[in-house]
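Examination of the molecular architecture
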Amino acid sequence: MRNIEADRIKTLPTSIFSTMSKLAVEHEAVNLGQGFPDFDGPEWIIDEAFRAMKESKNQYAPSAGIMSLRMAIGNINKKYYDIGWDAETNITVTAGATEALYCAIQAIINPGDEVILFEPYYDAHKADVILAGGIPRFITLKKPAFDFNANELEELINPKTKAIILNTPHNPTGKVFTNAELESIAALAVKSDLIIISDEVYEFLTFDGHSHIPIATLPGMAGRTITISSTGKTFGMTGWKIGYACANAALTDAIRKVHQWTTFAVNTPAQHAMAKAFNDIENYLPDFRLKYQRKRDKLYEALLQTEFKPHLPQGSYFIMVDLPPDRYEDDIEAAKDLVINHGLATIPPSAFYTKSDEGGTMLRLCFAKRDRTLESGIEKLKRL
Ligand SMILES: Cc1ncc(COP(=O)(O)O)c(C=O)c1O
């Protein structure tokens, strides 16, 4: 039988999320692995989706997204970051941030182009670069602060480098990039004429006074940045898969060229509901943040009492923990032992590293879970 797989997909691994979630189901484990809430987003947003369906908003949306949602996205960017994205020419609604990432990378990467990723990376970032025929290059965010060396970043840049993929607040480390760090990345992007793809899906989840800064707001960056976000994270409805990309008109045209041949348009009633949700975001955000801050504190403080020492996250809904010394060979062994023998699913982060083996020393836990899920997870870790 002829080889059915295209060459470009041969090196793509099965997503670690599918592998761990399957094991979690098989072993009826408490799932602190995959990154989504085990509770619903607000009921009033669900009601808005129903209303849209009842009001016959059930056919294809415009390819770039319904205008009221694009305008709402433009408004929140103006309000929170003082950045002026135009609904007509700068904003594209996609099937989750996942599709925005795919379209953005397909839109700008030629085979052989190099793309720099900070590791640990969100695994779709690397897969998307490979799917576009690009070559991923890596710079490691090193423990304990998950910081990087700007000289090392500069050394990675060469004439083949086309883009840097950034993710802040960062999955899986919880790092929120500082203004100084973003400035150093921006300076290199300007100097070497690079595009920044900035994945900001956790933009509204920052803690302890850390604030999220979109790199597009730095001088000279709005014209060379594709900013990607997701209503799934902001409003706790990951299954609705409504994301978006904001960029200047030329980059937006390129993204839309791919988007029209990928999904063309995304779920209409959910877009209507999200337009309403963004219009009321000011009332929604304080409780949302407090709820997640409490969950982070609960898990973090409990972890301090276990052998799995946590790194305090500044943002996102993840906590990285160090493995107890000498107990496990690596993160894969630890994650398998926890899920199979102790009923707790986690994510082994070595799946998010290519260059460094630091991932083998940690596990990723997600705290976007009901209190009782967190409590049973903590119980299992304490009993170890
Ligand atoms: C950093 C990051 N980017 C993108 C996504 C995907 O977002 P969406 O569900 O909107 O496709 C996730 C989801 O976990 C994520 O953590």
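Residues numbered from 1 in each chain as written. Predicted model: local features only at pLDDT ≥ 70, side-chain atom pairs only at ≥ 80, totals over all residues. Heavy atoms only, no water.

1. Concerning the sheet that holds strand β10 (residues 318–322)
Read from one edge to the other, the open sheet built from three strands follows the order β9-β10-β12, with strand pairing classed as antiparallel. Of all strands in the sheet, those bounded by a partner on one side alone are β9 (309–311) and β12 (362–366). Taking the axes of each pair of neighbouring strands and ignoring which way they run, one obtains an average angle of 35 degrees across the sheet. Note: β9 against β10, three bridges, orientation antiparallel. Residue pairing across strands places Pro310 opposite Val321, the latter belonging to β10. Contacts between helix α11 (residues 281–304) and the sheet are confined to β9, β10 and β12, with β9 contributing the most and set at about 145 degrees to the helix. (Pairing = 2+ DSSP bridges. Helix = DSSP H or I, 4+ residues; strand = E, 2+ residues; numbered from the N terminus. Axes fitted to C-alpha atoms, helices over the stretch in contact; angles between N-to-C directions. Contact = heavy atoms within 4.5 Å.)

2. Observations concerning the packing of helix α4 (residues 96–108) against helix α5 (residues 123–131)
Two elements in contact, α4 and α5, have axes whose closest approach is 9 Å; the angle formed by their N-to-C orientations is 35 degrees. At the point where α4 passes α5, the crossing takes the right-handed sense. Of α5, the residues touching α4 (which contributes Thr98, Leu101, Tyr102, Ile105 and Gln106) are His125, Asp128, Val129 and Leu131. For the contact of α4 with α5, the class distribution of residues is five nonpolar, three polar and one charged. (Left-handed = near helix turned anticlockwise from the far one by under 90°. Nonpolar A, V, L, I, M, F, W, Y, C, P; charged D, E, K, R; others polar.)

3. Quick look at the packing of helix α2 (residues 43–54) against helix α10 (residues 268–279)
Contact pair α2 / α10: the axes reach a minimum separation of 8 Å and the direction vectors enclose 135 degrees. Accordingly, the angle class assigned to the pair α2 and α10 is oblique. Relative to α10, α2 is oriented so that their crossing is right-handed. In this structure, α2 contributes Trp44, Ile45, Glu48, Ala49, Ala52 and Met53 to the contact, and α10 contributes Pro269, His272, Ala273, Met274, Lys276 and Ala277. Partitioned by chemical class, the residues of the contact of α2 with α10 number nine nonpolar, one polar and two charged. (Parallel < 35°, antiparallel > 145°, perpendicular 65-115°, else oblique.)

4. Quick word on the site of the ligand
In the vicinity of the ligand, the residues found are Gly96, Ala97, Thr98, Tyr122, Asn167, Asn171, Asp199, Val201, Tyr202, Ser230, Lys233 and Lys241. One of the side-chain N or O atoms of Thr98 is found 2.5 Å from an oxygen atom in the ligand. Contacts to the ligand include Lys233, whose side-chain N or O atom sits 2.7 Å from an oxygen atom. Burial of the ligand by the protein amounts to 93% of the accessible area it has alone, namely 390 Å². Ranked by the residues each element gives to the shell around the ligand, the list is headed by α4, at three residues. The class makeup of the residues in the shell around the ligand is four nonpolar, five polar and three charged. (Near = heavy atom within 4 Å. Polar contact = N/O pair within 3.5 Å; in protein donor to acceptor, adjacent residues only side chain to side chain. Areas by Shrake-Rupley, 256 points an atom, 1.4 Å probe, with all protein chains shown as cover.)

5. Focus on the pairing of strand β6 (residues 195–199)
Note on strand geometry: in a regular strand, side chains alternate between the two faces of the sheet. Most of β6 sits out of view: five of its five residues are buried. Of the two faces of β6, the one carrying Ile195, Ile197 and Asp199 and the one carrying Ile196 and Ser198 are both buried. Strand direction decides the pairing type here: strand β5 (residues 161–167) and β6, joined by five bridges, are parallel. By the bridge assignment for β6, Ile164 is matched with Ile196. Where the polypeptide runs from β5 across helix α7 (residues 179–191) and back to β6, its parallel neighbour, the crossover connection is right-handed. Where β6 lies against strand β7 (residues 225–230), four bridges are found, and the strand directions are parallel. Counterpart to Ser198 in the pairing with β7 is Thr227. (Buried < 20%, exposed > 50% of the residue type's maximum accessible area, 1.4 Å probe, protein only. Right-handed = clockwise from strand over helix to strand, strands pointing away.)

6. Describing the environment of Ala61
Within the secondary structure, Ala61 sits in the loop between α2 and α3 (67–81). With relative accessibility at 4%, the residue Ala61 sits in the buried group. Along the backbone, Ala61 and Pro269 are 208 residues apart, and their C-alpha atoms lie at a distance of 9.0 Å. Dropping the residues within four chain positions of it, Ala61 is found in contact with Ile66, Phe264, Ala265, Val266, Thr268 and Gln271.

7. Quick notes on the confidence of the model for the chain
Parts of the prediction with low pLDDT should not have their coordinates interpreted in detail. Overall, the predicted model of the chain reaches an average pLDDT of 96, with 100% of residues at or above 70. Model confidence for the chain, summarised as mean pLDDT per element, is weakest for helix α1 (residues 16–26) at 86 and strongest for β6 at 99. (pLDDT = per-residue confidence, 0-100.)

8. A closer look at the packing of aromatic side chains
Applying the stated criterion to the full structure yields 16 aromatic pairs. For the pair Phe235 and Phe278, a centre-to-centre distance of 5.2 Å together with 75 degrees between the ring planes defines the contact as edge-to-face. Of the two residues, Phe235 is situated in the loop between α8 (231–234) and β8 (242–246) and Phe278 in helix α10; the sequence distance between them amounts to 43 residues. Phe235 sits in the buried class, given a relative accessible area of 0%. A connected cluster of aromatic rings, assembled from ring pairs, spans Phe39, Tyr202, Phe235, Tyr244, Phe278, Tyr284, Phe288, Tyr292, Tyr317 and Phe318. Between the NZ or CZ atom of Lys79 and the centre of the ring of Tyr80, over which it lies, the distance is 5.7 Å. Here the basic side chain of Lys175 rests over the ring of Phe177, its NZ or CZ set 4.9 Å away from the ring centre. (Phe/Tyr/Trp six-rings, centres within 6.5 Å; stacked < 30°, edge-to-face > 60°. Lys NZ or Arg CZ within 6 Å of the ring centre and 35° of its normal.)

9. Things to note about the domain arrangement of the chain
One frequent convention defines the size of an interface as the accessible area lost when the parts assemble. Its domain assignment divides the chain into domain 1 (7–41 + 284–383) and domain 2 (43–282). Placing the centre of domain 1 and that of domain 2 at their C-alpha centroids yields a distance of 24 Å. Each partner contributes residues to the interface: domain 1 has 42 residues there, and domain 2 has 47 residues. A buried area of about 3700 Å², summed over both sides, lies between domain 1 and domain 2, and 57% of it is on carbon and sulfur atoms. (Domains from an automatic or database assignment. Buried area = accessible area lost by both parts, 1.4 Å probe.)

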